[in-house]
Amino acid sequence: MTPPLGSLYASLQNKELDALLVSHQPNIAYLTGFFCSDSYLLIKARKNILITDSRYYEAARSALKNFQIEL
């Protein structure tokens, strides 16, 4: 888990939110450490999902071990 994600989980819990959808690419890169130009990040208490297109699928699977990668 990256440090920014740890504090984000705490914020979600404190605000009693189920999930957060991140769509701004610089924020996704900051939270994951992985940059791709076309993606969304869904942060949940038990699962992180990166939604991207086929250009980045294999690279994301290799780089992001604690994330579910979806097309």
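Novice: Outline the nonpolar core, listing residues and values.
Specialist: Side chains of nonpolar character tend, in soluble globular proteins, to be buried together. Residues Leu41 and Leu50 are the most contacted members of the largest nonpolar core, which totals 16 residues. Among the elements that make up this core, the one with the highest residue count is helix α1 (residues 3-14) (3 residues). Other than its neighbours up to four places away in sequence, Leu41 contacts Leu20, Leu21, Val22, Ile28, Leu31, Thr32, Ile49, Leu50 and Phe67.

Novice: Quick one: what's the story with the side chain of Asn48, residue by residue and with numbers?
Specialist: On the secondary structure map, Asn48 appears in strand β3 (residues 48-52). Not counting residues within four places of it along the chain, the set of residues in contact with Asn48 comprises Leu5, Tyr9, Leu42, Ile43, Asn66, Phe67 and Gln68.

Novice: An account of the environment of Leu41 is requested, with residue identities and associated values reported.
Specialist: The residue Leu41 is located in strand β2 (residues 39-44) in this model. Remark: the alpha-carbon pair of Leu41 and Phe67, spanning 26 residues in sequence, is separated by 9.6 Å.

Novice: Now, about the pairing of β2: what can you tell me, with residues and values included?
Specialist: Residues Ser39, Leu41 and Ile43 line the buried face of β2, whereas the alternating positions Tyr40, Leu42 and Lys44 sit on a face that is not buried. Relative to β2, strand β1 (residues 19-22) runs antiparallel, the two sharing 4 bridges. Residue pairing for β2: Leu20 is matched across the bridge by Ile43. Bridge count between β2 and β3: 5 bridges; the pairing is antiparallel.

Novice: Residues and numbers for the pattern of salt bridges, please.
Specialist: Enumeration over the complete set of coordinates arrives at 1 salt bridge. The salt bridge partner of Asp53 is Arg55, with a shortest N-O separation of 2.6 Å. Take Arg55: its relative accessible area is 56%, and that puts it in the exposed class.

Novice: Explain unusual backbone geometry to me, and be specific about the residues and the numbers.
Specialist: Positive phi, close to 55°, is recorded for Glu16, a residue that is not glycine. Following the sequence through the fold, Glu16 ends up in the loop between α1 and β1. Classification of Glu16 by relative accessible area gives exposed; the value is 72%.

Novice: With reference to specific residues and values, describe a nonpolar patch on the surface.
Specialist: Together, Leu21, Tyr40 and Ile51 make up a nonpolar patch on the protein surface, roughly 280 Å² of accessible area in all. Position of Leu21 relative to the elements: it lies in strand β1.

Novice: Give me the sheet that holds strand β4 (residues 68-70): which residues, what numbers.
Specialist: The mixed open sheet is built from 4 strands, whose spatial order is β1-β2-β3-β4. At either end of the open sheet lies a strand with only one pairing partner, and these are β1 and β4. Averaged over neighbouring strand pairs, the angle between their axes works out to 15° when direction is ignored. Those strands touched by α1 are β1, β2 and β3, and its axis lies near 60° from that of β2. Each of β1, β2 and β3 is contacted by helix α2 (residues 25-32), which is oriented at about 50° to β2, the strand it contacts most.

Rules of the game
Residues numbered from 1 in each chain as written. Predicted model: local features only at pLDDT ≥ 70, side-chain atom pairs only at ≥ 80, totals over all residues. Heavy atoms only, no water. Core = buried A, V, L, I, M, F, W, Y, C linked by side-chain atoms within 4.5 Å. Buried < 20%, exposed > 50% of the residue type's maximum accessible area, 1.4 Å probe, protein only. Helix = DSSP H or I, 4+ residues; strand = E, 2+ residues; numbered from the N terminus. Contact = heavy atoms within 4.5 Å. Pairing = 2+ DSSP bridges. Salt bridge = Lys/Arg side-chain N within 4 Å of Asp/Glu carboxyl O. Patch = residues over 30% accessible without salt bridge, like charges linked within 9 Å, V, L, I, M, F, W, Y side chains within 5 Å. Areas by Shrake-Rupley, 256 points an atom, 1.4 Å probe, with all protein chains shown as cover. Axes fitted to C-alpha atoms, helices over the stretch in contact; angles between N-to-C directions.

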